[in-house]
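Letter by letter, the chains look like this.
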Amino acid sequence: MSELDEVVNEFVVESYENLDQLDRDLLALEDDPDDPGVLASIFRTIHTVKGTCGFLGFAKLESISHVGENLLSRLRDGELRLTPDMANALLALSDAVRAMLGEIERTGTEGDTDYSALRETLTRLNAGDAPAGEAEDERLGEMLVADDVATEEQVTEAVARQILGDERKIGQILVEEAGAPATQVAKVLERQTEARGSVADSTIRVDVRLLDNLMTLVGELVLARNQIVQLVTEQDDTTLIATSQRLSLITTELQEGAMKTRMQPIGNVWSKFPRVVRDLAAACNKAVRVEMKGEETELDKTIIESIKDPLTHLVRNAVDHGIEPREARVAMGKPAEGRLLVRAFHEGGQVNIEISDDGGGIDATKVRAKAVERGLLTADEAARMTERDLCQLIFEPGFSTADQITNVSGRGVGMDVVKTNIERIGGTVDVTTAVGEGTTFRIKIPLTLAIIPALIVTSGDERFAIPQINLLELVRIDGAEAATAIEHLHGTPVYRLRGNLLPLVHLHEHLGQVRDGERDVINIVVLRADDRTFGLVVEGISDSAEIVVKPLGNHFKGLTTYAGATILGDGRVALILDVMGLAQQANVVSETRDRSMTEATERVSEDSEETTAALLFRTPDDGRMALPLSLVDRLEEIAATSIEHTGDSEVVQYRGDILPIVRLSQVLPERRLVPRNGGDELAPDILQVVVVRNGEQRAGLVVEQILDIVRQPVALEPGARSGVVGTTVVSDRVTEVIDLPAVLSMAGLDERASVAAGV
Amino acid sequence: MADRQFCTFYIDGHYLGIDVVEVQEVIRYQAMTPVPLAAPEVSGLINLRGQIVTALDLRQRFGMPERPEGTLPMNVVVRTNDGSVSLLVDEIGDVLDVDDRTFERPPETLDAATRRLVRGAYKLDGQLLLVLETDRAAALAA
């Protein structure tokens, strides 16, 4: 690539970014036409485009931006006020510039589209007596005067020449007519530009391919690290062990760093939405206000790329089908202006994106009728389906409930593509709706694709990786219970999980592996596919690991059981299970119509808007307590023998740190141990420890037994005792919610934390 | 035509060869991860210095009887359009220089499945060297 090409390329890239900003600004300006900051920003964008293409010799682009700039400068100076006409014209200008940039990118020329109509509109809107470009040039003039490059008279004269039709730049006029030193004028110009763009100095542009390459290498490094770490466990050379730990640490940091370089705020995709919505709403004669929350939520670039289209589709759909026309809204007693909320947030290593509108919702009756009409379901099947399930039908290929096919959407292609695209990157999409109130699409996607946390399970002597994103919980049944735990419903194995039937899939049966004899332990991996939950029965749970996903070759085309393969710490290859594919093959998703479980959980979360996940555990006195999951770092089993004593407090070495141990029974007097059968069993060998974090302070909370993780409504009855925030009802039982800061302080831990912080 | 070099090997008593330019490397038996539900020809996946390579059993590919118990196959890793693929063979022979004039297309009477996988044969002294149609042998889609 020649140097000039590179400059042009950079100009195109930069301008695209600027134009996105411009669109946003223009829309913001419509809300507040007098915001000087926004006006200045718009002006700068167009001015920069104009300036650069003048320099690069794109005359057409320069001249059209110049006309826009004139209008903008008068807006900025308060001589004109933004009208909808002007906003339209300026948006059209942004489109025109974009089109020309596209042409430049493809062919290197500006193309020969005629923009004279737009130019006329802009000129007409600008109709007035003030001369073009005066404001900007005067500013430059002021700088020149201040620097003694030119006198005030010279500048005034130059501006006057411009007013009389001299098309040269003010600097040029000064140099050519007034004999101002060209180098100094150039310097001042440079300073003027600098003042606008100094933020750019702290960043550099890097080719994405380079980053991809880097990421691949880091992936390889992670694999090599995993292998080394595994090998080292068999050695007792302390130097080697220390070195491998260091290597491991650095690799993890490098991996995080490399991943961060590819992270982009999701707002980059969203920035186009206000424009899309505005145009679309105007075309449908609707009024829609877009609200965005969590634009700064970051995602891997490749993921951003692949969710762009699905998201745009959902947004368009919401405007076209979701939100009703103004009159209809008013008639229903809603505000005339519809509201579209786009929200993103991180949760449990995943990114959640919600697109909700306050429109008409999806009418289940209509969906049912349509599904039968299209032959997707028999009338019988349709009648038996719940409204919730009916709504999921909109993701089926060839389905659209729009009465009228508009040119925007409703042609029956779309939602299934949205779903496929999101699933391709390991995400899920879900819809909830209420007729007359609105629809919400909830998308969950992984942060990155390259390296994912996974659970390693075994089946038939082989190990398989299950992406953590699909994992809900692990259930282990042993002893006498194992023989009866799995029941059969018309030949389909099910397990009663907290009173709900969980359909089961035996992994070894599914894979056609032979099983050597019965086992007395049943391991169920509870997985989520779509909005359904099912249990995968595996032989053993081996470990959790960060794995590098490698695609499978062509030989496995059509094999939907696997999402790829990875190399484990011992150098062996393991297959990654595709939970969606597995569920589909096992018919868990499409045919199991027993949804009591999903519905139950759904009801809980719908009943109370605000729920938090909480860890439920049993205390030594056989009582139940809950702890907000956000405070929990990990659950560990720690051997009682590994507990050491410093002074009168108990500690344990944990991941290279010293973890203070807090026994609830000692801190909360009413939770004291109740001696049973003489008390011999009171000193278990293995302690169940909840590693909690309160600010900087970590501690290990010894509990009797971990019971469950529940969605718990925040509504609390305030508690009277110290160490307890309050009581709430979990699964029909009164449960105390622990006040972690208070408990830690009762255990004398907060002082140490403040000392540590003070150091 | 110039002479060519062939990497030769045996499967079930047959003497076959692959043009050396198509061969990436020849390695000893590697621990393999079987892929349940995959086509029968797929023996498994091997870790070739961090790269995951599919191993195909050539005996299966040719519909020959299974390798006797207790014998371990060798990997002939070939380059294909879809990346590296390992072909499992019984035993590795020499690298041979052959005279192109001794080449002959496979006879029409050869059964169709085998004909598809064989480019032809070189008439060597005392035996025939079958030339593998590498791309077809390394791909599964019939």
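Criteria and cut-off values
Residues numbered from 1 in each chain as written. Chains lettered and ligands numbered in written order. Predicted model: local features only at pLDDT ≥ 70, side-chain atom pairs only at ≥ 80, totals over all residues. Heavy atoms only, no water. Helix = DSSP H or I, 4+ residues; strand = E, 2+ residues; numbered from the N terminus. Buried < 20%, exposed > 50% of the residue type's maximum accessible area, 1.4 Å probe, protein only. Contact = heavy atoms within 4.5 Å. Areas by Shrake-Rupley, 256 points an atom, 1.4 Å probe, with all protein chains shown as cover. Pairing = 2+ DSSP bridges. Axes fitted to C-alpha atoms, helices over the stretch in contact; angles between N-to-C directions.

A.B. asks: So what's going on with the overall build of chain A? Which residues, and what values?
C.D. replies: For chain A, the count of helices and strands is 26 helices and 30 strands. Classification of the 759 residues of chain A by burial places 44% in the buried group. Long-range pairs, those at least 24 residues apart, make up 66% of the contacts in chain A with a sequence separation of at least 6. Working note: accessible area of chain A is about 38200 Å², and carbon and sulfur atoms make up 51% of it.

A.B. asks: Any details on the sheet that holds strand β1 (residues 4-11) of chain B? Residues and values, ideally.
C.D. replies: All names here are of chain B. Read across the open sheet, the six strands follow the order β8-β1-β2-β11-β10-β9; overall the sheet is mixed. This sheet does not close on itself; its edge strands, each paired only once, are β8 (91-98) and β9 (103-104). As paired elements, β9 and strand β10 (residues 118-123) share two bridges and run antiparallel to each other. Along β10, the bridge assignment pairs Glu-104 with Ala-121.

A.B. asks: Outline unusual backbone geometry, supporting the account with residue identities and numerical values.
C.D. replies: Residue and element names in this part refer to chain B. Although it is not a glycine, Asp-12 sits at a positive phi angle of roughly 50°. Looking at where Asp-12 falls in the secondary structure, it is placed in the loop between β1 and β2 (14-19). Residues other than glycine seldom take positive phi values, yet Leu-37 does so here, at roughly 75°. Considering the arrangement of structural elements, one finds Leu-37 in the loop between β3 (23-27) and β4 (42-48).

A.B. asks: Quick one: what's the story with the sheet that holds strand β10 (residues 471-478) of chain A, residue by residue and with numbers?
C.D. replies: All names here are of chain A. Reading across from one edge, β10-β14-β15-β13-β12-β11 is the order of the six strands in this open sheet, with mixed pairing throughout. At either end of the open sheet lies a strand with only one pairing partner, and these are β10 and β11 (486-489). The mean angle between the axes of side-by-side strands here comes to 40°, regardless of whether they run parallel or antiparallel. One ladder, built from four bridges, connects strand β12 (residues 492-497) with strand β13 (residues 500-506); its direction is antiparallel. Directly across from Val-494, in β13, lies its bridge partner Pro-503.

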